[in-house]
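Listed here are the chains, written in short residue letters.
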Amino acid sequence: MRRTTRWKWTLLLLAFTGSAHAVTPTGVTKVSRVTGATPAGETIPNPNQTHTNYEVYGTDLGIIWDKGGGEVFLAFGDTFGAGWCGNGGCGGGWRSNVLARSSDTTLSNGLTFTTMIQDQARHAKEILPSKKVNNDEMTVIPTAGVTVGSRHYLHYMSVNHWGEAGLWYTNYSGIAYSDDNGQNWVKHPSARWVNNASWTNNFQMAAFVKNGGFVYMYATPNGRRGNVHLARVPEGSLLDINAYRYWDGNGWSASQAAARPVAIGIASELSVSYNAALGRFLMTYLNEHRQAVVLRDAGTPTGPWSGEKVLASGSAFPGLYNAFIHPWGNTATELYFVMSQWTPYNTFLMRATLVGDSEGDNLLSEPGFETQAATPVMAPWWLEGGGGVDRNVGGARTGQDNGFVRASSGWNALKQSVVVQPYTDYTLRGWVRTSANNTTGYFGVRGPGNGPILGERPFGSLPGYTEQVVSFNSGASSVVEVYSGLWASGDTWLQLDDVSLRRGANLVGHAGFEQQTAASATSPWYSEGNAGIDRGAGFARTGANNAWARNTEGWNALKQEVGVTPNTSYTLTGWVKTAGAHTDGYFGARVLGGGPILNEVHFTQPLGSYTQLTVTFNSGANHSVELFAGMWGHGTDTWIQVDDVSLMRN
């Protein structure tokens, strides 16, 4: 896959001032070799000489995390010593995994180890044992690491067997821990995600990020074939499988089965990191369909995540398959990561230049078709019927490429799947032109797999590129399919370019409670004390439903966690009415887990009809806040009703 020389959108080299700005990677270069011997003709530094110093001739991965004490850990996968033959799976001295430490803070000239964990002099130790029996446990591969306090945690997968290229099958994934600076590790017996009979459990490979007192665990199935899902756990409960909560598209569920994607992938070898200089979370992974390592970015752990942006291509770096972000040295304009290449089955320190991306809120990948490799291999776009990509033939609206469909009969369309938040407003835009004989073209969005249409715009003949705009609500869907196509009658065509999908401004899920399906509050709303949902009871301000809290004693409230950008001003509004006996109510925002109040309105007088309450607050250092509306009971039966809640960035 080639790197494009022109971007479809305007790239702005922004003045990064600590607020959250989206970025696009460019100018990826190899800085140094991390593992293995220097072959003839290679000129980059090789500071570790792992073949002679640690009997590491060939290895891969290089998962990096800050271990504290001024060092990082680097975990590697299947490792081979003498007799290594130049790619994975051969050589003597096979170890399923090895581990290095580094205190190197000057990455511009390479990544130097302090040492590797050893079982004898000059021999890297296998830190997690495996049976090495095919169709039982072939190997144990690390996928993520994190340190909390003085304890180190390593997420790993137990590989049952290797399949065809890009596929492997796992027994389970689990967490091991070390209390002696990485020298010895214990596989915890119950901190495990057991795979199912169809090998499709979504939590088999992982990436860890610490944020706000939680460890967020991003995960994919085994092999290179799945989307990215998300769970989180309080920092102190990493080994308690029952303490994990799974992102269900709106909020956090105790049920793993409720998990919904945060990013559409064909993703594997995940890495996720928070870049403080950007105020953005960065996610990298291999998308094998695109033959590239890609980057997404987001302002909050749950997203929305931007579309994919090519970080490193297979054409420039043949056989590449990961990009593990180094937690140090990354700035608003530079990104360092460790990348593997199958041949020579070793790892390299890489550097990319980051430039501002004015289209960072576009949720679609490849919106202008600019890094498409060849027709008709078009991921992340997919073709139904006839069509492909016009590559530098002068048909694009901007840049050099555009998508097209062309046929003499039937339905023909370009489409792309994308993650959305359920029951949320979105706007889809794109530019289309057609042949003169087109009469039945469509631009819109539907449920996945040609599901129900959520919004659509028909068009006939469009002799010049014409913008199509569709506003829609995602309904119950957490994944939707964007499309543009036509019913052909004779030789008929359309061209598509510069497509975007953006979320509406209100950050509150189920803002009017219309999607609540029970008397008890359900995700993303949660109750404290005695509170719930009036469904079709005639008490709503608009629609059929509203929320309520009622009691004679104690604190009773409705609350919702919402992702926000740190150090940013927001306005929270909602409509409240109360009982005549009401004296003590609050509406506002606070830090998660009952933390400090960011701002609130204290309403002490009865509100006989729905009254709008407004609170402006700054998010501070937080990526998520808790919105609440509640009341204190003081010995008298009293209640509040709430409807039409909104949170807008100022």
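These notes cover the structure that comes with them. (Residues numbered from 1 in each chain as written. Predicted model: local features only at pLDDT ≥ 70, side-chain atom pairs only at ≥ 80, totals over all residues. Heavy atoms only, no water.)

1. Digging into the packing of aromatic side chains
Next, step 1: Taken as a whole and assessed by the stated rule, the structure comprises 27 aromatic pairs.
Next, step 2: Taking 5.1 Å as the distance between ring centres and 80° as the angle between the ring planes, the aromatic pair formed by Phe203 and Tyr246 counts as edge-to-face. Of this pair, Phe203 sits in the loop between β11 (186-194) and β12 (205-211) while Tyr246 sits in strand β15 (residues 245-247), and the two are 43 residues apart along the sequence.
Next, step 3: By the ring-pair criterion, three or more aromatic residues cluster together here, those being Phe80, Trp94, Tyr321, Trp342 and Tyr345.
Next, step 4: Sitting above the plane of the Tyr483 ring, Arg446 keeps its charged end 5.6 Å from the centroid. (Phe/Tyr/Trp six-rings, centres within 6.5 Å; stacked < 30°, edge-to-face > 60°. Helix = DSSP H or I, 4+ residues; strand = E, 2+ residues; numbered from the N terminus. Lys NZ or Arg CZ within 6 Å of the ring centre and 35° of its normal.)

2. Brief notes about the sheet that holds strand β5 (residues 115-116)
Next, step 1: Taken in spatial order, the four strands make up an open sheet running β2-β3-β4-β5, and their pairing is antiparallel. Looking at the sheet topology across the chains shown, the edges are occupied by β2 (61-68) and β5.
Next, step 2: Two strands pair when backbone bridges link them, and strand β3 (residues 71-76) and strand β4 (residues 98-102) are joined in this way by five bridges, in the antiparallel orientation. Residue Phe76 lies in a different strand from β4, and its bridge partner there is Val98. (Pairing = 2+ DSSP bridges.)

3. A short note on the side chain of Thr59
Next, step 1: Position of Thr59 among the secondary structure elements: in the loop between α1 (50-53) and β2.
Next, step 2: Here Thr79 takes part through its side chain, which lies 2.8 Å from a polar atom of the side chain of Thr59.
Next, step 3: Excluding anything up to four places from it in sequence, Thr59 contacts Thr35, Phe76, Gly77, Asp78, Thr79, Tyr345, Asn346 and Thr347. (Polar contact = N/O pair within 3.5 Å; in protein donor to acceptor, adjacent residues only side chain to side chain. Contact = heavy atoms within 4.5 Å.)

4. What to know about the pairing of strand β23 (residues 346-356)
Next, step 1: With respect to burial, β23 is a largely interior element, nine of its eleven residues being buried.
Next, step 2: Relative to β23, strand β1 (residues 23-33) runs antiparallel, the two sharing eight bridges. The residue bridging Thr24 from the neighbouring strand is Val355, located in β23.
Next, step 3: Judged from the eight bridges that link them, strand β22 (residues 334-341) and β23 form a sheet pairing that is antiparallel. Among the inter-strand pairings, Ser340 is bridged to a residue of β23, identified as Thr347.
Next, step 4: Counting the residues between successive antiparallel strands, the hairpin from β22 to β23 contains four residues, one of them, Tyr345, with a positive phi of roughly 45°. (Buried < 20%, exposed > 50% of the residue type's maximum accessible area, 1.4 Å probe, protein only.)

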